[in-house]
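Chain and residue survey
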Number of protein chains: 2
Amino acid sequence: MQPQLLERAIALAVRNVQAGTGGPFGAVIAKDGVIIAEAGNTVTTTCDPTAHAEVNAIRAACAALGVFDLTGCEIYSSCEPCPMCLGAIYWAHLDRVYFAATRHDAALGGFDDRLIYDEFAADTARRRIPLLHIARPDARAPFEAWWRRQDRVPY
Amino acid sequence: MQPQLLERAIALAVRNVQAGTGGPFGAVIAKDGVIIAEAGNTVTTTCDPTAHAEVNAIRAACAALGVFDLTGCEIYSSCEPCPMCLGAIYWAHLDRVYFAATRHDAALGGFDDRLIYDEFAADTARRRIPLLHIARPDARAPFEAWWRRQDRVPY
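All of the points below concern the structure found in this document.

Here is what the cut-offs are and how they apply
Residues numbered from 1 in each chain as written. Chains lettered and ligands numbered in written order. Predicted model: local features only at pLDDT ≥ 70, side-chain atom pairs only at ≥ 80, totals over all residues. Heavy atoms only, no water. Contact = heavy atoms within 4.5 Å. Buried area = accessible area lost by both parts, 1.4 Å probe. Salt bridge = Lys/Arg side-chain N within 4 Å of Asp/Glu carboxyl O. Least-squares fit on C-alpha atoms with pLDDT ≥ 70 in both. Helix = DSSP H or I, 4+ residues; strand = E, 2+ residues; numbered from the N terminus. Buried < 20%, exposed > 50% of the residue type's maximum accessible area, 1.4 Å probe, protein only. Phe/Tyr/Trp six-rings, centres within 6.5 Å; stacked < 30°, edge-to-face > 60°. Lys NZ or Arg CZ within 6 Å of the ring centre and 35° of its normal.

Here we look at the interface of chain B and chain A
Residue-level contacts link 86 residues of chain B with 86 residues of chain A. For the pair chain B and chain A, the summed buried surface comes to about 7600 Å²; carbon and sulfur atoms form 72% of the total. When the area that chain B buries against chain A is broken down by residue, the three leading residues are Tyr90, Trp91 and Tyr155 of chain B, summing to 12%. Where chain B packs against chain A, one counts 4 salt bridges. Its salt-bridge partner being Arg59 of chain B, residue Asp48 of chain A comes within 3.3 Å of it at the nearest N-O pair.

Topic: the relation of the copies chain B and chain A
With an RMSD of 0.0 Å, chain B superimposes on chain A once it is rotated by 180° and translated 0.0 Å along the axis. The transformation relating the two chain copies, once decomposed into turn and shift, fits a two-fold axis. Taking the C-alpha atom as reference, chain B places Met84 of chain B closest to the rotation axis, 1.9 Å from it. Both copies present the same face, since 100% of the interface residues in chain B are matched by interface residues at the equivalent positions in chain A.

Section: the side chain of Thr102 of chain B
With respect to the helices, strands and loops of the structure, Thr102 of chain B is situated in the loop between strand S4 (96-101) and helix H4 (103-108). We classify Thr102 of chain B as buried; its relative accessible area is 15%. Ignoring anything within four residues of it in the chain, the contact list for Thr102 of chain B reads His133 of chain A together with Cys79 and Glu80 of chain B.

Thoughts on the packing of aromatic side chains
Under the counting rule described, the total for this entry stands at 17 aromatic pairs over all chains. An angle of 50° between the planes, with centres 6.2 Å apart, marks the rings of Phe111 of chain A and Phe143 of chain B as tilted. Taken together, the positions of Phe111 of chain A in the loop between helix H4 (103-108) and helix H5 (113-121) and Phe143 of chain B in helix H6 (residues 141-148) put the pair across two chains. We note that Phe111 of chain A, like Phe143 of chain B, is buried. Ring geometry for Trp91 of chain B and Tyr155 of chain B: centres 6.1 Å apart, planes at 50°, overall tilted. With a gap of 64 residues between them, Trp91 of chain B in helix H3 (residues 83-92) and Tyr155 of chain B in the segment after H6 connect regions that are remote in the sequence. Over the ring of Tyr117 of chain A we find Arg103 of chain A; its NZ or CZ atom is 3.7 Å from the centre of that ring.

Structure, rendered in structure tokens:
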């Protein structure tokens, strides 16, 4: 844990608000203590609801390194990652996550992070966004095509 | 529910594998039955671990409509959205999700969707990727800057 990197993520979040670039969130990705990428939230200015600080930082780090796997890297976030960002962290195979503010702080800030965590924990039948499984005989066809392909690239 | 849109998402997933563009996943976003955007998974070919079919479709739909809120739209996915994609669906405020294959089918396909759902449900102390809260006196500074900004754009 390098305290100055978490401090930097918080400073990025404050600057992001002051610059009008997006929500009050910042993230830094480092490898062996060296910063690979950093980003603020740009949801409203890039018209992209997935453009959270952590997702932006992951995309930037992958672009910088030319990889889709960030094994060996750590992420410092100004706030506890929301479920989308935590999922992205798993897919990116980051080693570790450090965060300062919590989902409860985010809720006080007017953000839905805690609500979305609560939705994940709720029974699917009681969720705000209906999630409907439609059984189809061809549902596994994409996976069958995947296994047939000898040169498939796993991730 | 328009069965042909789910069929289209599955066909996209199969074609995505055949074209070597990425993993066996496809998604279609529609509004009032009209397709707004569709996408396959491009993780390995765009070096972006967040480039799942649903995230790509959400980004494309927002770009097409010039919005960061897809209220009024529905998403059809070839497979149950992973936690990252489900989080993105909440942030995009999609109305409804239809999917064909399940997280268990994805696991048989060699994908980590179910594992990541299990991680979300696990106690943070027992997770594969350590998630560490570092308390800091300035943790809420970004939210304070946010509330001070009169012209903030919520999302």
